[in-house]
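Descriptive analysis of the structure
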Amino acid sequence: MRFIVMVKANKDTEAGILPTTEQLADMGKFNDELVKAGIMLAGEGLHDSSKGVRIGFDGKKRTVRDGPFTETKELVAGFWIWQVKNKADAIEWAKRIPFQEGEVEIRQVFEEEDFGKEFTPELREQERRQRAAIDKNKQRSGK
């Protein structure tokens, strides 16, 4: 099962205050543990919301709003994507995150089988082609 672990923003992350060397080292050590355990598929920090936009959809109408966004507690400052056995494993790993304060949210990522018969063989093949192209693009860009 894949889970996204979203690091919630706070006043410091929204002010653009970067982690200290010690905090970066602690997080690097934790990420090393995740990688060695075969759990971490991705993980990134995000710039503050003043550098972002939100796009609203209403039929064919699109509305673009520039950040910053006011509800800091609802914003995401970073994320991991983990491959674990179940939600309980994700929770146990998340308890080990070296934060002094803050909050994370854990949500399961949809897998092919979650969509049932509506996810037709043609749509499954399209998904496989897209994932193969993404992997090829990553190899080409060296990321």
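These figures come from a predicted structure and were not determined experimentally.

**Observations regarding the layout of surface pockets**
Empty space among the atoms can be located by rolling a probe the size of a water molecule over them. As a volume, the largest pocket reaches approximately 1,100 Å³. Considering the residues around the largest pocket, the lining is formed by 33 residues, among which V7, T13, P19, Q23 and F99 are closest to the centre. Put simply, the parts of the chain that give the lining of the largest pocket at least two residues each are β1 (2-8), α1 (11-14), α2 (21-36), β2 (40-45) and β5 (76-83). Split into classes, the residues belonging to the lining of the largest pocket amount to 13 nonpolar, 11 polar and 9 charged. Lining of the second largest pocket is provided by R2, L41, A42, I81, V109, R131, I134, D135 and K138. Counting residues per element, the ones that place at least two in the lining of the second largest pocket are β2 and α4 (121-141). Among the residues forming the lining of the second largest pocket, the class breakdown is 5 nonpolar, no polar and 4 charged.

**Regarding the pattern of salt bridges**
The tally for this structure, following the rule as stated, stands at 12 salt bridges. For R96, the salt bridge goes to E33, with nearest N and O atoms at 2.4 Å. Note that R96 is positioned in the loop between α3 (87-94) and β6 (104-108) and E33 in helix α2, a separation of 63 residues in sequence. Taking relative accessible area as the criterion, R96 reaches 44% and is therefore assigned partly exposed. Between E125 and R128 there is a salt bridge, and its shortest N-O distance comes to 3.7 Å. A residue pair is termed a helical-turn pair when its members lie 3 or 4 positions apart in one helix, as E125 and R128 do in helix α4 at 3 residues. Look at E125 and you get partly exposed, because its relative accessible area is 37%. For R128, a relative accessible area of 41% translates into the label partly exposed.

**Some details on the sheet that holds β5**
Ordered in space as β2-β5-β1-β6, the 4 strands form an open sheet in which the pairing is antiparallel. At either margin of the open sheet sits one strand with a lone partner, and together these are β2 and β6. Sheet twist, expressed as the mean angle between neighbouring strand axes with direction ignored, is 15 degrees. Bridge count for β1 against β6 is 5 bridges, and the pairing is antiparallel. Residue pairing for β6: M6 is matched across the bridge by E105. Against the sheet, α2 makes contact with β2 and β5, and its axis sits at roughly 25 degrees relative to β5, the strand it touches most. Against the sheet, α3 contacts β1, β5 and β6, and its axis sits at roughly 160 degrees relative to β6.

Conventions we followed
Residues numbered from 1 in each chain as written. Predicted model: local features only at pLDDT ≥ 70, side-chain atom pairs only at ≥ 80, totals over all residues. Heavy atoms only, no water. 1 Å grid on protein atoms, 1.4 Å probe; cavity = no way out; pocket = protein on both sides within 12 Å on 5 of 7 lines; lining within 4 Å. Points joined across faces, edges and corners; volume = space filled by probe spheres on them. Helix = DSSP H or I, 4+ residues; strand = E, 2+ residues; numbered from the N terminus. Nonpolar A, V, L, I, M, F, W, Y, C, P; charged D, E, K, R; others polar. Salt bridge = Lys/Arg side-chain N within 4 Å of Asp/Glu carboxyl O. Buried < 20%, exposed > 50% of the residue type's maximum accessible area, 1.4 Å probe, protein only. Pairing = 2+ DSSP bridges. Axes fitted to C-alpha atoms, helices over the stretch in contact; angles between N-to-C directions. Contact = heavy atoms within 4.5 Å.

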